[in-house]
Amino acid sequence: MKNISRCLLAAAAFAFAAACSDDGGGNPGDPDPVIAKTATNSGDGQTGGVTEVLPQDLRVIVTLNGQPVEGEDITWAVAANGGTVIPATATTDVDGIALGEWTFGTTSGLFTATATLAGASGSPVSFTATAEPDVASQFTIVAGNNQSGLINTPFSEPLQVRLEDQYDNPISGQNVNWSVTTGSALLSSAASATNASGVASITATYGDTPGPIVIQAAPPGGPPAVEFNATANAPPAAITIQVQNNVFTPTVDTVAAGGTVTWTWVGSDHNVTPDAALPPASGTQNAPFTHGPINFAVPGTYNYHCTNHPPGMVGTIVVI
């Protein structure tokens, strides 16, 4: 009986000791290893070209109680389109350091790579790097080609081109030179810089000569220039404006200097009254009625209205 009691006491003591030492794989009081970038030459914040290997390896260090830890497996990963870091898993050396070689993909921009050590304080460690575009190799028209309009009036939309590398990455901060090679047109600028999207833009105005226009955009570097085609039209010698439903249709119209304008009534109780000298007043009339043709000899802008339906029933004649 005494032997049994001794055995039970010994077993209880062993169980108590085991319970006090059991921490599920380690002592609760033990510190975790720490992972961080190396204090110098960590490889963070570098810049390189797309598809290139960064000149400096990425470096992390693992320590425990301030001392380097050898043999820890570090997992490297890169955000989407950011290329690759090799090896995918690197083991810390005697100095607690693991290296990764970062190669960019074909996409430019700011990217992030991470170094992960499971259970370590500071994990994952993040590195950033900027991938710059390759050399310019593509130069294309974005918008503004094949427009037409009246002489001495603005183009309806800007002329836009895009500069890109061979991987379709936009190239910013490059000057595009603009020139009129055929016909008559005025350009807002002789040069404009590409923006963050690789787009350069100008506005243009048709000159005073009707006919075809060619505007050239020439990029820096290798890609060939592109050409915008446009057509300047002479204004009509005679126009007709309808007076109906409390509106002049069209509200704004253009006629050549020396040309004529005729108003025709479709509705009733309307009049044509000049804001200044022209056109001459019609007085209030009902359909069918015709006012004109009225000759406009001098270029300029002539505004008029209907006194019976202010303020919305207004019109403008542009003489060029």
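Residues numbered from 1 in each chain as written. Predicted model: local features only at pLDDT ≥ 70, side-chain atom pairs only at ≥ 80, totals over all residues. Heavy atoms only, no water.

On to the overall build of the protein. Across its full length, the protein carries one helix and 30 strands. Against the 2.2 N^0.38 benchmark of 20 Å for 320 residues, the protein shows a C-alpha radius of gyration of 39 Å, more extended than a compact globule. Overall size of the protein, expressed as C-alpha extent along the three principal axes, is 135 × 55 × 25 Å. Considering only residue pairs separated by 6 or more positions, the protein has 56% of its internal contacts joining residues 24 or more positions apart. Accessible surface for the protein amounts to roughly 16,300 Å². Of this, 54% is attributable to carbon and sulfur atoms. (Helix = DSSP H or I, 4+ residues; strand = E, 2+ residues; numbered from the N terminus. Rg over C-alpha atoms; globule rule 2.2 N^0.38 Å. Contact = heavy atoms within 4.5 Å. Areas by Shrake-Rupley, 256 points an atom, 1.4 Å probe, with all protein chains shown as cover.)

Before going further, it helps to examine the sheet that holds strand E30 (residues 314-319). Strand order across the open sheet formed by four strands is E23-E30-E29-E26, with mixed pairing between neighbours. A strand with exactly one partner marks an edge of an open sheet, and here the two such strands are strand E23 (252-255) and strand E26 (273-274). Pairing geometry for E26 and strand E29 (residues 300-305), over two bridges, is antiparallel. Directly across from threonine 273, in E29, lies its bridge partner histidine 305. (Pairing = 2+ DSSP bridges.)

It is worth spelling out the pairing of E29 at this point. With six bridges connecting them, E29 and E30 associate as antiparallel partners. Within E30, the position partnered with threonine 301 by the bridge is valine 318.

A separate point is the sheet that holds strand E7 (residues 89-91). Taken in spatial order, the five strands of this open sheet run E2-E10-E9-E5-E7, and their pairing is mixed. The sheet is open, and its two borders are formed by strand E2 (46-49) and E7, each paired with just one other strand. The average angle at which neighbouring strand axes cross in this sheet is 30 degrees, direction not considered. Judged from the seven bridges that link them, strand E9 (residues 109-116) and strand E10 (residues 125-132) form a sheet pairing that is antiparallel. Considered in E10, the bridge of glycine 109 is made with alanine 131. (Axes fitted to C-alpha atoms, helices over the stretch in contact; angles between N-to-C directions.)

Right, let's talk about the nonpolar core for a bit. Judged by nonpolar contacts, the single largest core of 23 residues is most densely connected at Ile35, Val60, Ile74, Trp76 and Trp102. Those elements that place two or more of their residues in this core are strand E3 (58-64), strand E5 (73-78), strand E8 (97-103), E9 and E10. Top element by residues in this core is E10. It accounts for four residues. The next biggest cluster of nonpolar side chains, apart from the first, holds 22 residues, and it includes Val176, Ala185, Ala200 and Tyr206. (Core = buried A, V, L, I, M, F, W, Y, C linked by side-chain atoms within 4.5 Å. Buried < 20%, exposed > 50% of the residue type's maximum accessible area, 1.4 Å probe, protein only.)

A word on unusual backbone geometry. With omega at -5 degrees, the peptide bond leading from threonine 249 into proline 250 counts as cis. Within the secondary structure layout, proline 250 lies in the loop between strand E22 (247-249) and E23. Between leucine 278 and the following residue, proline 279, the backbone shows a cis peptide bond with an omega angle of 0 degrees. The backbone phi angle of asparagine 245 is positive, close to 45 degrees, even though this residue is not glycine. You can see asparagine 245 is positioned in the loop between strand E21 (238-244) and E22. Judged by its relative accessible area of 64%, asparagine 245 is exposed. A positive phi angle, close to 60 degrees, is found at asparagine 246, a residue other than glycine.

Turning to the packing of aromatic side chains, a few remarks are in order. The description of an aromatic ring pair uses the distance of the two centres, along with the angle that the planes make with each other. Inspection of the entire model under this criterion finds eight aromatic pairs. With a centroid separation of 5.8 Å and an interplanar angle of 40 degrees, the aromatic rings of tryptophan 178 and phenylalanine 228 are classed as tilted. Of this pair, tryptophan 178 sits in strand E14 (residues 175-182) while phenylalanine 228 sits in strand E20 (residues 226-233), and the two are 50 residues apart along the sequence. When sorted by exposure, tryptophan 178 lands in the same class as phenylalanine 228, which is buried. Seen from the ring of phenylalanine 127, lysine 37 lies directly overhead, with NZ or CZ sitting 5.6 Å from the centre. (Phe/Tyr/Trp six-rings, centres within 6.5 Å; stacked < 30°, edge-to-face > 60°. Lys NZ or Arg CZ within 6 Å of the ring centre and 35° of its normal.)

Below, the discussion takes up the environment of threonine 264. Looking at the secondary structure, you find threonine 264 in strand E24 (residues 259-265). If near-sequence neighbours (up to four positions away) are discounted, threonine 264 is found in contact with Thr240, Ile241, Gln242, Val243, Phe289 and Thr290.

What follows covers the confidence of the model for the protein. The predicted model of the protein averages 92 in pLDDT, with 91% of residues at 70 or higher. In the model, residues 1-26 has pLDDT below 50 throughout and makes two contacts with residues more than four positions away in sequence or in other chains. (pLDDT = per-residue confidence, 0-100.)

This part is about the side chain of glutamate 164. The residue glutamate 164 is located in strand E13 (residues 159-165) in this model. Summary of buried charges: glutamate 164 has no salt-bridge partner, and the nearest side chain of opposite charge, arginine 162, is 4.1 Å away. Those residues in contact with glutamate 164 that lie beyond four places of it in its chain are Val135, Ala136, Ser137, Gln138, Asn169, Pro170 and Ile171. (Lys, Arg positive; Asp, Glu negative; His and termini not counted. Salt bridge = Lys/Arg side-chain N within 4 Å of Asp/Glu carboxyl O.)

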